[in-house]
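Fold and contact review
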Amino acid sequence: MQVVTRWKNQFAAIGGVILAAGFFVSTQSPVQAQAAYGSYIGAGAAFGVTNGGGGPSEDYNTSGSFAVRYKFLRAPISLRTQVLVGGNGVAVVPTVSYDIPINWQGDAYIAAGASIVRGDNTPIGNKNSFVIQPGVDYSLPNTSLMLYTNAIVAFDGYKSSNGTAVSIQAGAGLRF
């Protein structure tokens, strides 16, 4: 019961952050713009919100997160990689995204790729799997700073239960 309560509390907190971000973005005046201009490298945190149910190696996990985005300038496509480091494992998540401009500073995206897991305990499970990654990038005006947040949904991400693993990431980066 404690696990369910913890999951509900985390889900409610994450939902609140997503709603607040959506409200902020929706209050910005829409323009025809290129998706948040530029590539970036960043760091932040990752929070596992699912539990595989197979013991300690499939429990919730919080870890450090490193993100890289390479933006193709003439197409709404980006190559992205997230590296989740912490617990007893490391997960590398390379993806290709379709970027949707929101305004001059921000874009939303949907990405598909794979999780490559080494070790027993990461926020996105303990098994290599196919992933979907929705997210938002926001470029702070008149700076080289970016803020990003995303979710990684790893299908069949757990070894013992074959369940779906979900992790939420947030961080800041520098454009290049």
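Above this text you will find the structure in question.
So, here's what we can say about the structure. (Residues numbered from 1 in each chain as written. Predicted model: local features only at pLDDT ≥ 70, side-chain atom pairs only at ≥ 80, totals over all residues. Heavy atoms only, no water.)

**Quick notes on the sheet that holds strand S6 (residues 129–139)**
Within the closed barrel, the eight strands sit side by side as S1-S2-S3-S4-S5-S6-S7-S8. Their pairing is antiparallel. Put simply, the sheet's adjacent strands are angled 25° from each other on average, direction ignored. (Pairing = 2+ DSSP bridges. Helix = DSSP H or I, 4+ residues; strand = E, 2+ residues; numbered from the N terminus. Axes fitted to C-alpha atoms, helices over the stretch in contact; angles between N-to-C directions.)

**Observations regarding the environment of Pro76**
Among the structural elements, Pro76 can be located in the loop between strand S2 (62–71) and strand S3 (77–86). Note: C-alpha distance between Pro76 and Asp99 (23 residues apart in sequence) is 5.0 Å. The residues touching Pro76, leaving out its near neighbours within four places in the chain, are Lys71, Ser97, Tyr98 and Asp99. (Contact = heavy atoms within 4.5 Å.)

**A look at the packing of aromatic side chains**
Under the defined criterion, the tally for this structure stands at three aromatic pairs. Taking 5.1 Å as the distance between ring centres and 90° as the angle between the ring planes, the aromatic pair formed by Tyr70 and Phe72 counts as edge-to-face. Classification of Phe72 by relative accessible area gives partly exposed; the value is 32%. Look at Phe130 and Phe155: their rings are 6.0 Å apart centre to centre, the planes differ by 20°, and that puts the pair in the stacked class. Within this pair, whereas Phe130 is found in strand S6, its partner Phe155 is found in the loop between strand S7 (145–154) and strand S8 (165–175), the two being separated by 25 residues in sequence. For Phe155, a relative accessible area of 37% translates into the label partly exposed. The cationic tip of Arg80 hangs over the ring face of Tyr109; the distance from NZ or CZ to the ring centre is 3.5 Å. (Phe/Tyr/Trp six-rings, centres within 6.5 Å; stacked < 30°, edge-to-face > 60°. Buried < 20%, exposed > 50% of the residue type's maximum accessible area, 1.4 Å probe, protein only. Lys NZ or Arg CZ within 6 Å of the ring centre and 35° of its normal.)

**Quick look at the pattern of salt bridges**
As enumerated under the stated definition, the model contains six salt bridges in all. Two residues, Asp107 and Arg69, come together in a salt bridge whose shortest N-O distance is 3.5 Å. Of this pair, Asp107 sits in strand S5 (residues 106–119) while Arg69 sits in strand S2, and the two are 38 residues apart along the sequence. Since its relative accessible area comes to 0%, Asp107 is described here as buried. A relative accessible area of 0% means that Arg69 is categorised as buried. Across the pair Asp137 and Arg69 runs a salt bridge whose closest N-O atoms are separated by 3.5 Å. Linking Asp137 in strand S6 with Arg69 in strand S2, this pair joins segments that are 68 residues apart in sequence. Across this residue pair, the class does not change: Asp137 and Arg69 are buried. (Salt bridge = Lys/Arg side-chain N within 4 Å of Asp/Glu carboxyl O.)

**Observations regarding the environment of Gly157**
With respect to the helices and strands, Gly157 occurs in the loop between S7 and S8. Judged by its relative accessible area of 0%, Gly157 falls in the buried class. Spatially, the C-alpha atom of Gly157 lies 8.2 Å from that of Gly52, the residues being 105 residues apart in sequence. Those residues in contact with Gly157 that sit more than four places away from it in its chain are Ile124, Gly125, Asn126, Lys127, Ser129 and Gly163.

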